[in-house]
Amino acid sequence: MTIGIWILGNQLHSEQAALLSRKNNKQETPVIFIESLNYVRKRPYHQQKLVLVFSAMRHFAEELSSEGWSVTYKISENFEQALNSWIRANQITELRLVTPYDRPFLTFIQSLNLDSNIKLIPNNHFLWSHQEFKQWTDSRKRLLLEDFYREGRKRFNILMEGDQPIGGQWNFDKQNRKPPKKSLTPPTPLGFEPDQITQQVINDLKSSQIPTYGQIEPFKWGINRSQALQVLECFIENNLDNFGAYQDAMVTGEYTMWHSLISPYINLGLLTPLEVIESIEKAYHEFDYPLNSVEGLIRQILGWREYMYGIYQLMDDDYSQKNWFNHQEKLPEFYWDSSQTDMNCLKQSLRQVEETGYGHHIQRLMVLGNFALIVGVSPQAVNDWFHSAFIDAYDWVMVPNVIGMGQFADGGILASKPYAASANYINKMSDYCKSCVYKRTQRTGDKACPFNFFYWDFLSRHQQQLKGLGRMNLILANLKKMDSEELKAIQSQAQHWRESQ
Ligand code: FAD
Ligand code: SF4
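Residues numbered from 1 in each chain as written. Chains lettered and ligands numbered in written order. Predicted model: local features only at pLDDT ≥ 70, side-chain atom pairs only at ≥ 80, totals over all residues. Heavy atoms only, no water.

Student: Summarise the site of ligand 1; cite the residues concerned and give the values.
Tutor: Around ligand 1 there are 26 residues in total, and His259, Ser260, Leu261, Asn267 and Tyr358 lie nearest to it. Between ligand 1 and leucine 261 there is a distance of 2.8 Å, counted from an oxygen atom to a backbone nitrogen or oxygen. One of the side-chain nitrogen or oxygen atoms of histidine 361 is found 2.9 Å away from an oxygen atom of ligand 1. Here ligand 1 has 810 Å² of accessible area as a free molecule, and 99% of this is covered by the chains. Going through the elements one at a time, α11 (263–268), α13 (291–314), α15 (361–375) and α17 (395–406) are the ones with two or more residues in the shell around ligand 1. With six residues, α13 is the largest single contributor of residues to the shell around ligand 1. Looking at the shell around ligand 1 residue by residue, the class counts come to 14 nonpolar, nine polar and three charged. (Near = heavy atom within 4 Å. Polar contact = N/O pair within 3.5 Å; in protein donor to acceptor, adjacent residues only side chain to side chain. Areas by Shrake-Rupley, 256 points an atom, 1.4 Å probe, with all protein chains shown as cover. Helix = DSSP H or I, 4+ residues; strand = E, 2+ residues; numbered from the N terminus. Nonpolar A, V, L, I, M, F, W, Y, C, P; charged D, E, K, R; others polar.)

Next up, the structure:
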């Protein structure tokens, strides 16, 4: 019996479960990596995402070779062809791989016609297994991130003093999320020059006919574990102190603020969630970083990231198709080309995604997601766009974030109310409105900010459904007080805008 291991592009860690299972038999275990061209033609991926994934795969394949594994690296039209010829050449009887995190990819693998058996090994990429998350949900009446996060803090003994949270509080959000009132100078993010392998991937992609999105250069992402660790170290040294305070702030030209930029690396397996959390906790104890920032960042990974994966696993297959508001509009064309919009917040956010594949959480949620939600775009079209556009996008993380959180298409499983907002919020948390052709204070008229008329139009279109959510009652009371002529003008302007797209 020969066991072979197939390593997927987001399972690039030497301690991943399939490699661990054959750690003592490296030389007798053929290992394969495959770049499938058919697969990347499925959607127009951001060019830097393709460069990042392929370059990271090629680097990891070299690392495994030098550790003594017997590695094959194939660039092929499709997975099946590449796998079967390798299976036959190596007389493989059991093809082992870590269970894919993305459900569509798992279904795809199960549909392959292979010349050997497949054995799926449960993944060790998340802190909570599917069974553990399920057990936690079974014991609860309500699924709240806050409860899950507290349980995670206790279970993994993170920022705890006995059974109490360090600092006497679980949450320091009151000190966080400050608006960018004064002029801010965030640290410069750590970038890397492409090495020979990365340059080769860039050249290959430039000469290919693969449909893509975004700019390919300058490419500054790290492509191996050593560079990912440098990004983490740089974040702790330069950004951690202010991370909490300006977590939600947006400033023109400042693409990354104090954010960590580690999602592409954790999602590929180049960093593990526990090592990130432990490094941050260690830095807190050694250097006395502000607890609001330390706790804020740990909450993102130990809380949100694990919670999103848990919910993704827990939901039925049709979760990604949910559409609670029955939104059917097409995504505005300018999402694919920032030069086509004159709304400054959208232009700035879209431009930076085109240039880097990155936007921080509030740009994703409160600018890009919020606008699509209040216009009434189909949640699946929004999800498709996010999947194409972002450097760190994978089905398991986008479905809950885009369908659940951003578009409220699950009707309230993930969020207790929709993340819908007018220009008020964007003006409070950014400097975008200052240089915009639209007037942030106007709801109707030529210069009215589209976030305003769409916000009130959204509330009025869905008021019956929103009434049931409780947390929307205050704002619905304001809608009720609105002059009926003004509401008509708002609705007509929203409809006219949609028709003009
Ligand atoms: P930081 O702000 O520095 O946070 C640290 C880490 O916490 C992140 O690297 C990430 O690993 C984790 N994290 C924080 N929030 C979340 C969350 N809601 N879900 C999962 N992990 C989280 N994240 C992705 O990894 N891929 C996506 O495709 C993605 N799409 C999103 C789409 C929408 C509409 C929204 C609202 C959020 C999305 N997120 C996604 C979550 C979050 O915005 C990104 O993880 C974060 O912006 C990545 O940048 P960072 O590493 O600088 O994060
Ligand atoms: Fe965006 Fe409206 Fe502000 Fe312009 S005025 S930046 S469109 S929120």
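Student: So, the site of ligand 2: which residues are in play, and what are the values?
Tutor: Looking at ligand 2, the residues that line it are Met343, Asn344, Cys345, Ala423, Ile426, Tyr432, Cys433, Cys436, Tyr438, Arg440, Cys449 and Phe451. Among the residues making up the shell around ligand 2, the classes are represented as ten nonpolar, one polar and one charged.

Student: Give me the side chain of histidine 59: which residues, what numbers.
Tutor: Structurally, histidine 59 can be placed in helix α3 (residues 47–66). Note on histidine 59: relative accessible area 8%, which makes it buried. Looking at histidine 59, its side chain comes within polar contact range of the side chain of aspartate 195, at 2.6 Å. Contacts of histidine 59, omitting those with residues within four sequence positions, involve Asp195, Ile197, Thr198, Ile223 and Asn224. (Buried < 20%, exposed > 50% of the residue type's maximum accessible area, 1.4 Å probe, protein only. Contact = heavy atoms within 4.5 Å.)

Student: Describe the domain arrangement of the chain, and please don't skip the residues or the numbers.
Tutor: Taken domain by domain, the chain holds domain 1 (3–121), domain 2 (130–187 + 239–314) and domain 3 (320–500). The centre of domain 1, based on its C-alpha atoms, is set 39 Å off from the matching centre of domain 3. On the side of domain 3, 16 residues touch domain 1, which itself brings 13 residues to the contact. Overall, the association of domain 1 and domain 3 removes approximately 1,200 Å² of surface from exposure, summing both partners, and the carbon and sulfur fraction of that is 49%. The largest contributions to the domain 1 side of the interface with domain 3 come from Arg43, His46 and Lys49, which together make up 46% of the buried area. Our count for the contact surface shared by domain 1 and domain 3 stands at one salt bridge. (Domains from an automatic or database assignment. Buried area = accessible area lost by both parts, 1.4 Å probe. Salt bridge = Lys/Arg side-chain N within 4 Å of Asp/Glu carboxyl O.)

Student: Account for the pattern of salt bridges, naming residues and giving values.
Tutor: As enumerated under the stated definition, the model contains 26 salt bridges in all. A salt bridge links glutamate 193 to lysine 220, with the nearest nitrogen and oxygen atoms 3.9 Å apart. Remark: lysine 220 occurs in the loop between β9 (212–213) and α9 (225–238) and glutamate 193 occurs in the loop between β8 (164–165) and α8 (196–206); sequence separation between them is 27 residues. Residues participating in the shared-partner salt-bridge network are Glu146, Arg150, Glu295 and Arg299.

Student: Just give me the short version of a negative patch on the surface, but keep the residues and values in it.
Tutor: On the surface, a cluster of negative charge is made up of Glu62, Glu63, Glu67 and Asp195. Tracing the chain through its elements places glutamate 67 in the loop between α3 and β4 (70–76). (Patch = residues over 30% accessible without salt bridge, like charges linked within 9 Å, V, L, I, M, F, W, Y side chains within 5 Å. Lys, Arg positive; Asp, Glu negative; His and termini not counted. Charge placed at Lys NZ, Arg CZ, Asp CG, Glu CD.)

Student: Any chance you could break down the sheet that holds strand β2 (residues 30–36) for me, citing the residues and the numbers?
Tutor: Spatial ordering of the open sheet is given by β4-β2-β1-β5-β6, a layout of five strands whose pairing is parallel. Each edge of the open sheet carries a strand with a single partner, namely β4 and β6 (117–121). For this sheet, the mean inter-axis angle between neighbouring strands, taken without regard to orientation, is 25 degrees. Judged from the five bridges that link them, strand β5 (residues 94–98) and β6 form a sheet pairing that is parallel. Counterpart to valine 98 in the pairing with β6 is isoleucine 121. Against the sheet, α3 engages β2 and β4, with an angle of about 165 degrees to β2. (Pairing = 2+ DSSP bridges. Axes fitted to C-alpha atoms, helices over the stretch in contact; angles between N-to-C directions.)

Student: Give me the lowdown on the packing of aromatic side chains, citing residues and values where you can.
Tutor: Considering all chains together, one arrives at 45 aromatic pairs under this definition. Between the aromatic rings of phenylalanine 148 and tyrosine 307, the centroid separation amounts to 5.6 Å while the plane-to-plane angle is 45 degrees, which identifies the pairing as tilted. Taken as a pair, phenylalanine 148 in helix α7 (residues 145–155) and tyrosine 307 in helix α13 lie far apart in primary sequence, 159 residues in all. Taken individually, phenylalanine 148 and tyrosine 307 each receive the classification buried, so the pair is uniform in this respect. Through pairs of rings, three or more aromatic residues link up here, namely Phe334, Tyr335, Phe371, Trp385, Phe386, Phe390, Phe451, Phe453, Phe454 and Trp497. Sitting over the face of the ring of tryptophan 456, arginine 443 holds its NZ or CZ atom 5.2 Å from the ring centroid. (Phe/Tyr/Trp six-rings, centres within 6.5 Å; stacked < 30°, edge-to-face > 60°. Lys NZ or Arg CZ within 6 Å of the ring centre and 35° of its normal.)

Student: Could you give me a rundown of the pairing of β5, with the residues and numbers involved?
Tutor: Across a regular strand the side chains alternate sides, sitting on one face of the sheet and then on the other. β5 sits mainly inside the fold: five of its five residues count as buried. Here β5 shows two buried faces, one formed by Glu94, Arg96 and Val98 and the other by Leu95 and Leu97. Direction of pairing for strand β1 (residues 3–6) relative to β5: parallel, over a ladder of three bridges. Along β5, the bridge assignment pairs isoleucine 3 with glutamate 94. Between the parallel pair β5 and β6, the chain is carried across by helix α5 (residues 103–110), and the sense of this crossover is right-handed. (Right-handed = clockwise from strand over helix to strand, strands pointing away.)

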